[in-house]
Amino acid sequence: MGSAEVQSIHVHPVKAFQALSLREAVVEPWGLAGDRRWTLVDDGGKVVTQREQPRLALAAAEPLAGGGVRLSAPGRAPLTVRVPAPAVTLPVSVFGTEVEAVPAAAPAHAWCSAYLGTDVRLVHMDDPAVRRPVDPDYALPGETVSFADGFPLLVTTAASLGALNSLMAEGPNAHEGPLPMNRFRPNVVVAGTEPWAEDHWSRISVGEVVFRAAKPSGRCVVTTTDQDTAVRGREPLHTLARHRRVGGKLLFGVNLVPLSPGTIAVGDPVRVLG
């Protein structure tokens, strides 16, 4: 793979809110520290994402000491939310899987509901070590994940985005491009690979941390949402459907599971181990 390295690192303190870029991050068994430990749920306990509420792209969550967050969004005064004390948990449905989570205090529910114009609640995953197993079809025993879509980390490559944008430029929606990487909401972006090199990864190391590639990432309507305006278009799904459809999924990026602990940083070398 040559001199591949980490180009950028991102966490999402509240699932579906804006990404936060970091110079380095601690790798925990269930994902990057601080990534998607909070999420919104509707009145039936189902996780709410940009799929249903694209305006979540404009909301931000600043991490605070102790795991709390400071919420901000257009038209709303900021709100500080502390990690809730251990209490009765709520059943939360994450893409059909039931997970227990601890509700935040009432002001957080009111703030988020007022912003979206619909009743939602903010909940916290208190113990990722036990709350949510990784999909057993792709997991090793004991692997768990936060409120991420399905796996501890999503990794994309700059070369694949370049290739996708080139394909898009040749298609009927060329005016929508080129697209930035934030459409894909990755945890780690790798530079210095060949396009689509991630399709063939089995195990990689990022700095001192070893990961296994669980499966390619199938993409959804969130990728069509401009993360700066919350406006939706047709791309990249139209181009992915023409060039990257495999088994009914539109693929971009790869889902990783950590095999060792450690810290990763921008500039760390990325090596293919198998």
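Structure: above.
In this report, the structure presented in the accompanying data block is examined.

Rules behind the numbers
Residues numbered from 1 in each chain as written. Predicted model: local features only at pLDDT ≥ 70, side-chain atom pairs only at ≥ 80, totals over all residues. Heavy atoms only, no water. Helix = DSSP H or I, 4+ residues; strand = E, 2+ residues; numbered from the N terminus. Rg over C-alpha atoms; globule rule 2.2 N^0.38 Å. Buried < 20%, exposed > 50% of the residue type's maximum accessible area, 1.4 Å probe, protein only. Contact = heavy atoms within 4.5 Å. Areas by Shrake-Rupley, 256 points an atom, 1.4 Å probe, with all protein chains shown as cover. Lys, Arg positive; Asp, Glu negative; His and termini not counted. Charge placed at Lys NZ, Arg CZ, Asp CG, Glu CD. Pairing = 2+ DSSP bridges. Axes fitted to C-alpha atoms, helices over the stretch in contact; angles between N-to-C directions. Phe/Tyr/Trp six-rings, centres within 6.5 Å; stacked < 30°, edge-to-face > 60°. 1 Å grid on protein atoms, 1.4 Å probe; cavity = no way out; pocket = protein on both sides within 12 Å on 5 of 7 lines; lining within 4 Å. Points joined across faces, edges and corners; volume = space filled by probe spheres on them. Nonpolar A, V, L, I, M, F, W, Y, C, P; charged D, E, K, R; others polar. Salt bridge = Lys/Arg side-chain N within 4 Å of Asp/Glu carboxyl O.

Before going further, it helps to examine the overall build of the protein. Assigned secondary structure in the protein consists of 4 helices and 20 strands. Relative to a compact globule of 274 residues, whose C-alpha radius of gyration would be 19 Å, the protein shows 18 Å and is just as compact. When burial is assessed residue by residue, the protein has 51% of its 274 residues classed as buried. For the protein, contacts bridging at least 24 residues in sequence account for 68% of all contacts bridging at least 6. Summed over its atoms, the accessible surface of the protein is roughly 11800 Å², and 53% of this surface lies on carbon and sulfur atoms. Put simply, the protein has 26 plus and 27 minus side-chain charges, and the middle of one group is 3 Å from the middle of the other.

It is worth spelling out the sheet that holds strand 7 (residues 60-63) at this point. Reading across from one edge, 7-8-9 is the order of the 3 strands in this open sheet, with antiparallel pairing throughout. Looking at strand neighbours, the two that pair on one side only are strand 7 and strand 9 (76-81), the edges of this open sheet. Sheet twist, expressed as the mean angle between neighbouring strand axes with direction ignored, is 20°. Alignment of strand 7 against strand 8 (residues 69-73), held across 4 bridges, turns out to be antiparallel. Paired with alanine 60 across the bridge in strand 8 is serine 72.

Following the criterion strictly, the structure yields 4 aromatic pairs and no others. Between tyrosine 138 and phenylalanine 151, the aromatic rings sit 6.1 Å apart at their centres with planes inclined by 70°, giving edge-to-face as the arrangement. Of this pair, tyrosine 138 sits in the loop between helix 2 (128-131) and strand 13 (153-157) while phenylalanine 151 sits in the loop between helix 2 and strand 13, and the two are 13 residues apart along the sequence. The partly exposed category is assigned to tyrosine 138, whose relative accessible area is 34%. We classify phenylalanine 151 as buried; its relative accessible area is 9%.

Looking now at the pairing of strand 9. On a regular strand, one side chain projects to one face of the sheet and the next to the other, so that they alternate. With 4 bridges joining them, strand 8 and strand 9 adopt antiparallel strand pairing. Following the sheet pairing, valine 69 is matched in strand 9 by valine 81. Count of turn residues in the strand 8/strand 9 antiparallel hairpin: 2 residues, of which glycine 75 carries a positive phi of about 80°.

Using a probe with the size of a water molecule, rolled over the atoms, empty space left in the structure can be pinpointed. Looking at the largest pocket, its volume works out to about 1000 Å³. Taken together, 40 residues line the largest pocket, and the ones lying closest to its centre are Arg51, Phe95, Asp149, Gly150 and Gly218. Among the secondary structure elements, those contributing two or more residues to the lining of the largest pocket are strand 13, strand 16 (209-218) and strand 18 (249-258). Here the lining of the largest pocket is composed, by residue class, of 19 nonpolar, 9 polar and 12 charged.

With that settled, the discussion passes to the pairing of strand 5 (residues 38-42). With respect to burial, strand 5 is a largely interior element, 4 of its 5 residues being buried. The pairing of strand 5 with strand 6 (residues 47-48) spans 2 bridges and is antiparallel. Each residue of the ladder has a partner; that of leucine 40, found in strand 6, is valine 48. Connecting strand 5 to the antiparallel partner strand 6 that follows it, the hairpin turn spans 4 residues, and glycine 45 within it adopts a positive phi of roughly 85°.

Here we take up the sheet that holds strand 3 (residues 24-28). On the basis of which strands lie adjacent, the open sheet formed by 3 strands has the order 4-3-19 and antiparallel pairing. In the strand order of this sheet, the two ends are held by strand 4 (31-32) and strand 19 (262-265), each with one partner.

Before going further, it helps to spend a moment on unusual backbone geometry. Here the amide bond leading from glycine 177 into proline 178 is cis, since omega sits at -5°, within 30 degrees of zero. Tracing the chain through its elements places proline 178 in the loop between helix 3 (158-169) and strand 14 (188-191). Between glutamate 235 and the following residue, proline 236, the backbone shows a cis peptide bond with an omega angle of 10°. Residue position: proline 236 is located in the loop between strand 16 and helix 4 (237-243). The phi angle at arginine 185 is positive, at roughly 50°, despite the residue not being glycine. Mapped onto the secondary structure, arginine 185 falls in the loop between helix 3 and strand 14.

Per the stated rule, a full pass over the model turns up 6 salt bridges. We note a salt bridge from aspartate 149 to lysine 15, for which the minimum N-O separation is 2.5 Å. Taken together, the residues aspartate 149 in the loop between helix 2 and strand 13 and lysine 15 in the loop between strand 1 (5-11) and strand 2 (20-22) connect sequence positions 134 residues apart. The class of aspartate 149 is partly exposed, set by a relative accessible area of 41%. Assessed through its relative accessible area of 3%, lysine 15 is described here as buried. Several salt bridges converge on common partners, so that one network encompasses Lys15, Arg51 and Asp149.

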